[in-house]
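Observations on chain architecture
Here's the letter readout for the chains.
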Amino acid sequence: MSEHLQGFSGSDGSGGRVEVTLPISPRLLIEDWASLQSSMVKTMPETFTRDEWAYLISFLSPENLWRPFRESFGQEAKDGAVKKAVSLYRPRGQVGLWLPNNVSLLGPLTMILLSLTGQRMDIKVGSRSADLTSAFVEFVLSKLKPGPLATLLRSQLHCATFPRTDERNARMAAESKVRIVFGGDEAAEAIDRLPHPPGSVGYYFVDKRSEAWLEAAALSDETLSTLIKVFTIYGRAGCTSPRRAVIFGAKPGEVSAIRDRLFALWPKAWPRKPPMHIASENIMARQWAAAVGWDAATAPNHAATLCIGDTELQEIDTLMFLPLTTGERESVTRSLPANIQTVGHALATPPDAAWLAAIARTGIKRFVPLGQMHHFGPTWDGYEFWKGLFERVEVGG
Amino acid sequence: MSVFDPEQPYAVRDDAALLAELNDLSRRHLSGCAAYKSVWPAWQTARSLAELPFLHAGVFKYVRFRTEAPDIKHERTLKSSATTSGKSSMITLDRESSELQSASTLAILRDFVGSKQRPLLVLDSSKSLLARGEVSARVAAALSLKPLATEIHFLLDDAADADSMRWEVLEGVLKAHDDLLVYGFTWILWLAWLKAKRPESIARMLKGRRIAFVHSGGWKKLEALKVERSEFDHALLKDLDPQSRVVDYYGLVEQVGIIYPLCEAGYRHVPRWAEVIVRDPWTLKPLTGEDGQLQLLNTLARGAPYHSVLTEDVGRVVEGDCACGRKGRRFLLQGRVPKSEVRGCANV
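What you see is a predicted model, and the numbers here were worked out from it, not measured in a lab.

**Some details on the overall build of chain A**
Looking only at helices and strands, one finds 13 helices and 16 strands in chain A. Over its C-alpha trace chain A gives a radius of gyration of 23 Å, about what one expects of a compact globule, namely 21 Å for 397 residues. The principal-axis extents of the C-alpha atoms in chain A amount to approximately 65 × 45 × 45 Å. For chain A, the proportion of its 397 residues judged to be buried stands at 42%. Contacts in chain A between residues at least 24 apart in sequence constitute 70% of all its contacts with a sequence separation of at least 6.

**Observations regarding the interface of chain B and chain A**
Accessible area lost upon the coming together of the parts is a frequently used measure of interface size. Opposite the 26 residues of chain B that make contact, chain A presents 36 residues. Contributing elements (two or more residues each) for the side of chain B that touches chain A: helix H2 (34–39), strand S1 (55–56) and strand S15 (308–318) of chain B. Considering every element that reaches the side of chain B that touches chain A, the biggest residue donor is H2 of chain B, with three residues. Grouping the amino acids of the side of chain B that touches chain A by side-chain chemistry returns 15 nonpolar, seven polar and four charged.

**Quick look at the pairing of strand S12 (residues 274–279) of chain B**
Residues and elements named next belong to chain B. Extensive coverage of S12 is indicated by the burial of five of its six residues. Bridge analysis of S12 against strand S14 (residues 292–298) gives six bridges, and the strand direction is antiparallel. The residue bridging Val278 from the neighbouring strand is Leu294, located in S14. Relative to strand S13 (residues 286–287), S12 runs antiparallel, the two sharing two bridges.

**Examining the packing of helix H4 (residues 106–115) of chain A against helix H5 (residues 132–143) of chain A**
The relative placement of two packed helices is expressed as an angle between their axes plus a distance between the axes. Residues and elements named next belong to chain A. Where H4 meets H5, the axes come as close as 7 Å, and the angle between the chain directions of the two elements is 55°. The angle between H4 and H5 places the two elements in the oblique class. Seen along the crossing, H4 lies across H5 with a hand that is right-handed. Listed contacts from H5 to Gly107, Pro108 and Met111 of H4 are Leu132, Thr133 and Phe136.

**A look at helix H6 (residues 186–195) of chain B**
Residue and element names in this part refer to chain B. Where burial is concerned, most of H6 is hidden: eight out of the 10 residues are buried. If you check which residues of H6 are buried, you get Thr186, Trp187, Ile188, Leu189, Trp190, Leu191, Ala192 and Trp193. The inward-facing, buried residues of H6 abut strand S7 (179–185), strand S8 (210–216), helix H8 (220–224), helix H9 (229–237) and strand S9 (245–250).

**Quick word on the sheet that holds strand S3 (residues 85–91) of chain A**
Residue and element names in this part refer to chain A. As summarised here, the arrangement of the four strands in space is S1-S2-S3-S16, forming an open sheet in which the pairing is mixed. The two strands at the open ends of the sheet, each matched to only one other strand, are strand S1 (4–8) and strand S16 (390–394). With strand direction ignored, the average angle separating the axes of adjacent strands in the sheet is 25°. Alignment of strand S2 (residues 17–22) against S3, held across four bridges, turns out to be parallel. Directly across from Val20, in S3, lies its bridge partner Tyr89.

**Remarks on the nonpolar core**
Within the largest apolar cluster, 137 residues are counted, with the highest numbers of intra-cluster contacts made by Leu227 and Trp288 of chain A together with Ile91, Leu123, Leu181, Tyr183 and Ala192 of chain B. Residues contacting Ala192 of chain B, with those up to four places away along its chain left out, are Leu123, Leu156, Ala162, Met165 and Gly184 of chain B. Listed in part, the 57 residues of the second largest apolar core include Val18, Ile30, Met111 and Phe136 of chain A.

**Some details on the sheet that holds S7 of chain B**
Residue and element names in this part refer to chain B. Strands sit in the order S6-S4-S7-S8-S9-S10 across an open sheet of six strands; the sheet is mixed. Each of the sheet's edge strands pairs with one partner strand only, and the pair in question is strand S6 (149–154) and strand S10 (260–261). Looking at chain direction, strand S4 (residues 118–122) and S7 are connected through three bridges and run parallel. From the neighbouring strand, Leu121 faces S7, where its bridge partner is Val182. Packing against the sheet, H6 makes contact with S7, S8 and S9, and its axis sits at approximately 115° to S7.

**Structural notes on the domain arrangement of chain A**
Residue and element names in this part refer to chain A. Splitting chain A by domain gives domain 1 (4–207 + 381–394) and domain 2 (209–372). Just the C-alpha atoms count here: the centres of domain 1 and domain 2 sit 32 Å apart. At the junction of the two partners, domain 1 supplies five residues and domain 2 supplies six residues. Here the side of domain 1 that touches domain 2 is composed, by residue class, of no nonpolar, two polar and three charged.

**Quick notes on the confidence of the model for chain B**
Per-residue pLDDT for chain B has a mean of 91; in total, 95% of the residues score no lower than 70. Two summary scores accompany this predicted model of the complex, namely pTM at 0.90 and ipTM at 0.91.

**Describing unusual backbone geometry**
All names here are of chain B. The phi angle at Lys226 is positive, at roughly 60°, despite the residue not being glycine. Relative to the elements of secondary structure, Lys226 occurs in the loop between H8 and H9. The phi angle at Leu284 is positive, at roughly 65°, despite the residue not being glycine. Among the structural elements, Leu284 can be located in the loop between S12 and S13.

So, how was this worked out
- Residues numbered from 1 in each chain as written.
- Chains lettered and ligands numbered in written order.
- Predicted model: local features only at pLDDT ≥ 70, side-chain atom pairs only at ≥ 80, totals over all residues.
- Helix = DSSP H or I, 4+ residues; strand = E, 2+ residues; numbered from the N terminus.
- Rg over C-alpha atoms; globule rule 2.2 N^0.38 Å.
- Buried ≥ 20, exposed ≤ 12 C-beta atoms within 10 Å, placed from the backbone.
- Contact = placed C-beta atoms within 7 Å.
- Nonpolar A, V, L, I, M, F, W, Y, C, P; charged D, E, K, R; others polar.
- Pairing = 2+ DSSP bridges.
- Axes fitted to C-alpha atoms, helices over the stretch in contact; angles between N-to-C directions.
- Parallel < 35°, antiparallel > 145°, perpendicular 65-115°, else oblique.
- Left-handed = near helix turned anticlockwise from the far one by under 90°.
- Core = buried A, V, L, I, M, F, W, Y, C linked by C-beta atoms within 7 Å.
- Domains from an automatic or database assignment.
- pLDDT = per-residue confidence, 0-100.

Printed below as a string of structure tokens:
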């Protein structure tokens, strides 16, 4: 059981040093994860796209894997010894993770973060989509040298595919000290209703929407290329995908020129053809959008449909539809959907107090640089879920 | 003079006349349909068939196009069966087009099953006819065979249930007739005619009968069941008169009136009043001898701009004369545009 004590400087407001007790040294686990990077550069399982694999490789950097500890407990103590600790954190125990059908990389990423606690992980993956979690674990176990991580994954990780109605959902809920659910509102509510241990905690990450906000003065080619990348990787399918791009400080007539710049940059920013059905869908989307009043155009190779117009116009329900719009801060924040999650920004100057005040009046959960819209981490949807994997023990002096 | 000549669907075509007619038709829709004009605001007269404006087949699921003109009398709406998107295409029919479309379909079918009238057995339910103002693609396809029928019988009690075959109706027809026409969607024909438990008396009565089976609707569901075309045809024709035949045709509700039966040599032929263009899906450049996305055109659609439609099907135009003897353009239908999984929510 919990044998390893790791000291941290403390960042939880308690003003003193924090000790975290773990069954396995996080340093050893992080070293094992990072050791995979070189193998991953050489080999990619077919199940993954290049972008997904590249993100996974970068996610395994030691710097990134220490991030949950640092954000939750402060800097790692150099001496490692117990002294003057005011808080002790211990893992709550077994974690149940529910992943919906269309979620892919989120499975492996969450599993990596969960593994750092050394606890048993039960993962339910969707039954109608590619199971990237199992594919990744299989790859990892084929490349890992014997060590703490390999032992942990072999003995404590259980990954299974079954439908929402399967009785194993109830078993997972009953056995998990922490429930983490990604999916639709209905699925999350169904899991929350399952009997679970008193004192256990649940994190429910349900349907969310995101946007890109750009200031006209910040629209360098680099920024526009970043917008192309963050949009094109998942279209509108991700919770973190921009469903519209708002350009502050541009006159309506200037948006057309910005779209032309995006199209000129597109082949370099995203140098590959979309799948045939996506190109076809975009031809359809352009016509649909034009018929209902949008100023619609498709990107090179019909990779996306970029539309200009009043966002009151009918929304075009296709994967690669991105409306470009202008607006003022007040009106834009007022028009946000109730389930807003991420706003990826490209501002001429870093967000100031006026921006923070505006954000404070909204439900925005993440206000991050445009290029970081899809970055996953230990805090998600406003919850410090990774820190929530632990319980705090007050230690009096 | 119109290029539409139902007496000779596969004679040599007058390309210039076809282009002129389609240019006129496009102008007519642009002036009478505001939504269409919004899609093609800057279109000018086409110098080639490939320059004609088109609508993507999928857009009919979301936009109701309708061309208004003093001589157009709009009637019912033709509704496709819902696809995986759960949406149906809605095509606004008008009287003049409907007449032309019926004549066109009949001309094409005659070329494949002959002109002789005989009882038509439809693998659908008569209840499908009851929807007011709307007609399903299945029923429309069946009724296109009506001019070749002396009488029509619907063989299913429930259109959605292949096990609801009314065998007593079939038995009654078989007692009185040797030569029959049978129409059904491909998968319904497989499930209801071939796979359902057939009474022994029916099996005996079918022996030696001459039946022309006409089916449409695609192979997607049969592919899932791993049924090959040869197996399907063989099963249908087993024990029947040697002159019996199976005609599989390709058609879309967005191109009602034009069907593309598979000829004896394995090709689909384009009637003189229609055209098929194969396009590169990414550049829309017309292709010859290569696979690409099919665009289908015809001169029959007056009430809405469905005269030129980019489909979600893949095909290839084949040059040269066909061994079946039909003239004009021919093509191979290769299947649907392939789809891949969309990875979605919280996909980071």
